[in-house]
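Here are the chains, one letter per residue:
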Amino acid sequence: MLLYLASRVGQTLVVLLVISLIAFLLVANLGDPLAALLSADASQAERAALVRELQLDQPLAARFVGFLGKLLQGDFGLSYRTQEPVAKLIAERLPATLELAFVSLLITLFVGVPLGILCGVAPRSIPARLVMFASAAGVTLPNFVVGIALIAIFSVQMKLLPSFGRGETVQVGAWTTGLLTASGWRAIVLPAITLATFQSTFVIRLIRTQLMEVGLAEHIRFARARGLSEARIWGLYALKNTALPVITMLGLQLGNIIAFSVVTENVFAWPGLGTLFLQSVQAADVPVIAVYLIFVGAVFMVINLAVEIAYPLIDPRVLGR
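Residues numbered from 1 in each chain as written. Predicted model: local features only at pLDDT ≥ 70, side-chain atom pairs only at ≥ 80, totals over all residues. Heavy atoms only, no water.

Right, let's get into the side chain of Ser-135. Relative to the helices and strands, Ser-135 resides in helix H6 (residues 126-140). Residue Ser-135 is classed as buried on the basis of its relative accessible area of 1%. Among the polar contacts made by the side chain of Ser-135, one reaches the side chain of Arg-205 at a distance of 3.3 Å. For Ser-135, the residues in contact, after removing those within four places along its chain, are Thr-201 and Arg-205. (Helix = DSSP H or I, 4+ residues; strand = E, 2+ residues; numbered from the N terminus. Buried < 20%, exposed > 50% of the residue type's maximum accessible area, 1.4 Å probe, protein only. Polar contact = N/O pair within 3.5 Å; in protein donor to acceptor, adjacent residues only side chain to side chain. Contact = heavy atoms within 4.5 Å.)

Over the atoms rolls a probe the size of a water molecule, and in doing so it shows where empty space is left. In this model, the largest pocket occupies a volume close to 520 Å³. As for the largest pocket, its lining consists of 22 residues, and the residues nearest its centre are Val-27, Leu-54, Phe-67, Lys-70 and Gly-77. Among the secondary structure elements, those contributing two or more residues to the lining of the largest pocket are helix H1 (2-29), helix H2 (33-37), helix H3 (44-53), helix H4 (60-72) and helix H13 (286-314). Size it by volume and the second largest pocket reaches roughly 320 Å³. The wall of the second largest pocket is formed by 15 residues, among which Ser-20, Leu-71, Leu-72, Phe-76 and Ile-294 lie closest to the centre. For the lining of the second largest pocket, the secondary-structure elements that each account for two or more residues are H1, H4, helix H5 (86-121) and H13. Split into classes, the residues belonging to the lining of the second largest pocket amount to 14 nonpolar, one polar and no charged. (1 Å grid on protein atoms, 1.4 Å probe; cavity = no way out; pocket = protein on both sides within 12 Å on 5 of 7 lines; lining within 4 Å. Points joined across faces, edges and corners; volume = space filled by probe spheres on them. Nonpolar A, V, L, I, M, F, W, Y, C, P; charged D, E, K, R; others polar.)

Bringing the packing of aromatic side chains into the picture now. Scanning all chains against the criterion turns up four aromatic pairs. With a centroid separation of 5.3 Å and an interplanar angle of 55 degrees, the aromatic rings of Phe-24 and Phe-64 are classed as tilted. Taken together, the residues span a long stretch of sequence, with Phe-24 in helix H1 and Phe-64 in helix H4 at a distance of 40 residues. Judged by relative accessible area, Phe-24 falls into the buried class, the value being 5%. Look at Phe-24 and Phe-67: their rings are 5.5 Å apart centre to centre, the planes differ by 50 degrees, and that puts the pair in the tilted class. Here Phe-67 lies in helix H4 and Phe-24 lies in helix H1, a separation of 43 residues in the sequence. An identical accessibility class is assigned to Phe-24 and Phe-67; each is buried. Members of the aromatic cluster, connected to one another through ring pairs, are Phe-24, Phe-64 and Phe-67. (Phe/Tyr/Trp six-rings, centres within 6.5 Å; stacked < 30°, edge-to-face > 60°.)

Another aspect to go through is the side chain of Thr-181. Of note, Thr-181 is situated in the loop between strand E2 (175-177) and helix H8 (182-214). Thr-181 gets classed as buried once you look at its relative accessible area, which sits at 10%. In this structure, Thr-181 is in contact with Glu-168 and Val-170, ignoring residues within four places of it in sequence.

Quick look at H1 now. In a regular helix each residue adds 1.5 Å, so 28 residues correspond to 40 Å; H1 covers 41 Å between its end C-alpha atoms and thus fits that length. Where H1 is concerned, the buried positions are Tyr-4, Thr-12, Ile-19, Ser-20, Ala-23 and Phe-24. (Expected span 1.5 Å × (residues − 1).)

Within the secondary structure layout, Thr-169 lies in the loop between helix H7 (143-157) and strand E1 (170-172). Assessed through its relative accessible area of 32%, Thr-169 is described here as partly exposed. Remark: the alpha-carbon pair of Thr-169 and Gln-73, spanning 96 residues in sequence, is separated by 29 Å. Contacts of Thr-169, omitting those with residues within four sequence positions, involve Thr-176, Thr-177 and Gly-178.

A few words on the nonpolar core. Soluble globular proteins tend to bury their nonpolar side chains together. Counting 29 residues, the largest nonpolar core has Ile-90, Leu-100, Trp-270, Leu-273 and Leu-276 as the members making the most contacts within it. If you list the elements that add at least two residues to this core, you get H5, H8, helix H10 (230-259), helix H12 (273-282) and H13. Top contributing element to this core by residue count: H13, with nine residues. With near-sequence residues (within four places) excluded, Ile-90 lies in contact with Leu-273, Leu-276 and Val-291. Counting 13 residues, the second largest nonpolar core, distinct from the first, contains Ile-220, Leu-228, Trp-234 and Ala-238. (Core = buried A, V, L, I, M, F, W, Y, C linked by side-chain atoms within 4.5 Å.)

Rendered as structure tokens:
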């Protein structure tokens with residue numbers, strides 16, 4: 001088990017190092033930090049001081065080592081657009097994105113898993129056919145279309161839920177949350193449903209496919225021949241064998257929600273990392289774009305590592321492969 005863990009952690013660190021190198025090359029080769037961070041009337045002394053501070057007079061390898069050292073200390077540099085530390089900008093927007101991802105994942109689990117089991121256990125039933133018909137629309141419709149439709153129905157026509165913003169927030173230590181206020185929950189409902197629409201339909205189809213395949217396996221037929229109840233067969237034998245691919249997919253989808261909610265956040269003016277990334281792209285704010293790239297890579301690798309660690313806990317045979 002320890003060898004398995006060390007191998008997975010090592011792979012994660014190597015990938016993160018490669019992502020950091022790509023982000024560093026992005027910062028080193030795009031834009032002019034001196035022009036962005038210095039005023040037009042800056043003196044030669046101020047210019048030389050900034051060159052030394054940013055290590056622009058150092059070889060590329062030395063600058064990369066310095067870049068990694070600052071990353072480990074939480075120093076992500078200055079934003080070209082706002083002149084503020086990138087770490088501060090990320091910290092301000094991160095809670096909004098994580099809370100949106102959390103609520104979206106909850107909706108995905110509570111909607112997608114039961115309906116996926118229904119469609120897999122009784123694929124020819126009328127409810128299962130209706131669910132599959134509805135899921136086809138969820139898979140094909142882009143997020144921004146779903147978001148605009150929800151705004152038109154629940155915000156414009158019925159005036160039940162807000163169409164933009166995060167609502168009232170409260171400070172809990174260093175964390176700003178909207179999940180402790182009624183207006184915060186009202187504000188998060190529509191963007192969370194928008195993000196969960198595609199994820200839920202994907203989960204439904206994946207679980208249905210896995211259960212239908214497992215349902216034809218030898219051990220399931222043998223269990224039926226022994227006279228076990230259908231509830232015990234599906235609950236004890238079939239679902240366990242579908243767990244690994246479903247957990248893998250859920251982990252990747254959580255990474256997708258956190259990293260690529262740009263469109264949904266923009267539709268609902270949600271003050272998260274996606275909106276910050278879009279503003280940075282429009283302003284060619286290279287340091288923020290680079291840190292966002294590292295953040296996205298770290299999110300995927302940490303989630304992937306957690307999924308890999310969960311494998312042997314679910315199926316110990318993984319350790320022997």
